[in-house]
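# Descriptive structure summary
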Amino acid sequence: MEIKLTVNSGARSDEVEPRLLLIHYLRETLGLRAANVGCDTTSCGACTVLLDGESVKSCTVLAVQANGRSVTTAEGLVAEDGTMSIVQQAFRENHGLQCGFCTPGMVMASTSLLAENPHPTEQQVREGLEGNFCRCTGYHNIVRSVLAAAEKLSAVSTSADSADSAEVIA
Amino acid sequence: MIPASFDYEVADSAAHALALLTEHGEDAKLLAGGHSLLPMMKVRLARPAMLIDIARVSELSGIKVVGDQVVIGATTRHAEVAGSPLLQAEVPILAYAAAQVGDPQIRHRGTIGGSLAHADPSADLPMTLLALGGSVEITGPAGTRVVGADDFFIGPFESALGPDELLTEVRVPRGGGVSWGYQKFVRRANDWAIVGVAAYDGRVALASMGGTPLRAHATEEALRSGASIEEAAALAAEGTSPGKDFHADSDYRAHLARVLTKRALEGKTG
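Reading guide: rules and limits
Residues numbered from 1 in each chain as written. Chains lettered and ligands numbered in written order. Predicted model: local features only at pLDDT ≥ 70, side-chain atom pairs only at ≥ 80, totals over all residues. Pairing = 2+ DSSP bridges. Helix = DSSP H or I, 4+ residues; strand = E, 2+ residues; numbered from the N terminus. Axes fitted to C-alpha atoms, helices over the stretch in contact; angles between N-to-C directions. Buried ≥ 20, exposed ≤ 12 C-beta atoms within 10 Å, placed from the backbone. Contact = placed C-beta atoms within 7 Å. Parallel < 35°, antiparallel > 145°, perpendicular 65-115°, else oblique. Left-handed = near helix turned anticlockwise from the far one by under 90°. Nonpolar A, V, L, I, M, F, W, Y, C, P; charged D, E, K, R; others polar. Domains from an automatic or database assignment.

### Structural notes on the sheet that holds strand 3 (residues 50-53) of chain B
Sheet strands line up and pair through hydrogen bonds in the backbone, either parallel or antiparallel. Residues and elements named next belong to chain B. A sheet is described by the order of its strands in space; here three strands give the open sequence 1-3-2, paired in parallel fashion. Lying at the two open borders of the sheet, with one neighbouring strand each, are strand 1 (7-10) and strand 2 (28-31). Each neighbouring strand pair of the sheet contributes to a mean axis angle of 25°, computed without reference to strand direction. One ladder, built from four bridges, connects strand 2 with strand 3; its direction is parallel. Across the sheet, residue Leu31 finds its bridge partner in strand 3, namely Asp53.

### What to know about the pairing of strand 1 (residues 2-7) of chain A
Residues and elements named next belong to chain A. Residues Ile3, Leu5 and Val7 line the buried face of strand 1, whereas the alternating positions Glu2, Lys4 and Thr6 sit on a face that is not buried. Here six bridges tie strand 1 to strand 2 (residues 10-15), and the two strands are oriented antiparallel to one another. Following the sheet pairing, Lys4 is matched in strand 2 by Ser13. The turn joining strand 1 and strand 2, which pair antiparallel and follow one another in sequence, is formed by two residues; a positive phi near 50° is taken by Asn8.

### Quick word on the sheet that holds strand 5 (residues 69-73) of chain B
Residues and elements named next belong to chain B. Pairing within the open sheet is antiparallel, and its five strands lie in the order 4-5-10-6-7. Edge positions in the open sheet fall to strand 4 (63-66) and strand 7 (143-148), since each of these has one partner strand only. With direction set aside, neighbouring strand axes in the sheet form an average angle of 25°. Taken together, the five bridges between strand 6 (residues 135-140) and strand 10 (residues 166-173) define a ladder with antiparallel strand orientation. Bridge pairing links Val136 to Val170 in strand 10. Relative to strand 10, helix 1 (residues 14-24) is tilted by about 130°, and along the sheet it contacts strand 6 and strand 10.

### Brief notes about the packing of helix 5 (residues 92-100) of chain B against helix 8 (residues 124-132) of chain B
All names here are of chain B. Look at helix 5 against helix 8: their axes get within 9 Å of each other, and the N-to-C directions meet at 165°. What the angle tells us is that helix 5 and helix 8 run roughly antiparallel. The two elements helix 5 and helix 8 cross, and the hand of that crossing is right-handed. For the pair helix 5 and helix 8, the contacting residues are Ile93, Leu94, Ala97, Ala98 and Gln100 in the first and Asp124, Leu125, Thr128, Ala131 and Leu132 in the second. The residue inventory of the contact of helix 5 with helix 8, partitioned by class, reads seven nonpolar, two polar and one charged.

### Topic: the domain arrangement of chain B
Domain boundaries assigned for chain B yield domain 1 (7-53), domain 2 (58-173) and domain 3 (180-265). Computed over C-alpha atoms, the centres of domain 1 of chain B and domain 3 of chain B are 34 Å apart.

### Structural notes on the domain arrangement of chain A
Residues and elements named next belong to chain A. Its domain assignment divides chain A into domain 1 (2-77) and domain 2 (86-169). A straight line from the C-alpha centre of domain 1 to that of domain 2 covers 21 Å. Listed as interface residues are 15 residues of domain 1 and, on the opposing side, 15 residues of domain 2. It is strand 3 (residues 48-51) that contributes the most residues to the side of domain 1 that touches domain 2, three residues altogether. Partitioning the side of domain 1 that touches domain 2 into residue classes produces nine nonpolar, five polar and one charged.

If you want it as structure tokens, here you go:
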């Protein structure tokens, strides 16, 4: 079946088998390797990407279900000049990762979380990342990273009054 | 893990979905959010030859008040149910329960109709529909019928929904001021309930205490005859048949049912 969709702001058109999972379409067909296959059972969140701006686990979405929609991976958060998004920068600055395997999924889940709730409490961040497992950090620096990103995003959106937080994040 | 091959069609209306179901018979399955079906297909517990995608049928989605009920379209996603100001005001237990399903990513995809049709005895929404005394509207070749929650769940992962039928909407009573409580006992983040309890207006429903979500009839009866919460909650496991697994044996589940029912009847959430 032919699918037409937007991936990281670029229009794509590909012939896919209906059973092709979105994660395999992204990694194998398009060569976008940020999203990882972790548990492969909708638990760990390593494969998290944005579908129309909302976090989803791409191991449990068919590529055909993304037909006509917009997909964003961690690669798509980076500007053309190589500048990382505020969430990505916050993970680096706050040492929000160790081995890095869960990080692309954490960053995408956090980006979606902050678009829905720009001023989360620490508890809301912890609950909002319930679907993403990290086996290294003990989560503390990840939570710190998301809270730092929230603070920075709110400073940015206050100074640029027309931009809403979702645009700033993406 | 990769599902077995299947054909895929996008339905553009409920009638189109039904026509495709009739055409393809028992080999076809309906796909909405896919968060119960696709995991089963990946481990080949399900091998439908045809998937009929109903996620784009707009008439099957949405939340509205109709008389003394709130009607929720079958493909309305958990995140929409949880975040609906209408449901938070009119049926707060349902909005709360939807927010307990899985995790944010799962709630962005999974649907209320899908979760009910999957009929997992340990899941949040079947138990909640039972506590609410809600119903589902089912449409098939023979027409439309409404099935109450008490008659809808008939076994583990088995409901009154026929293979040629479509669950079109979910109906729950309006009750913004009604007292309710909700308890879900889990050991790990984003897990299913080891035992769950939903209490609403004197009705008490249990998850993971048998092959279907169950009413705690003895507890409800005791409450009606004026028993205290403590006395009524002590009867919560009567008539249930909880299984045992890695997490808990039957006795422990019965204990949890009593403790959690007391908390739920006290209006606590957690």
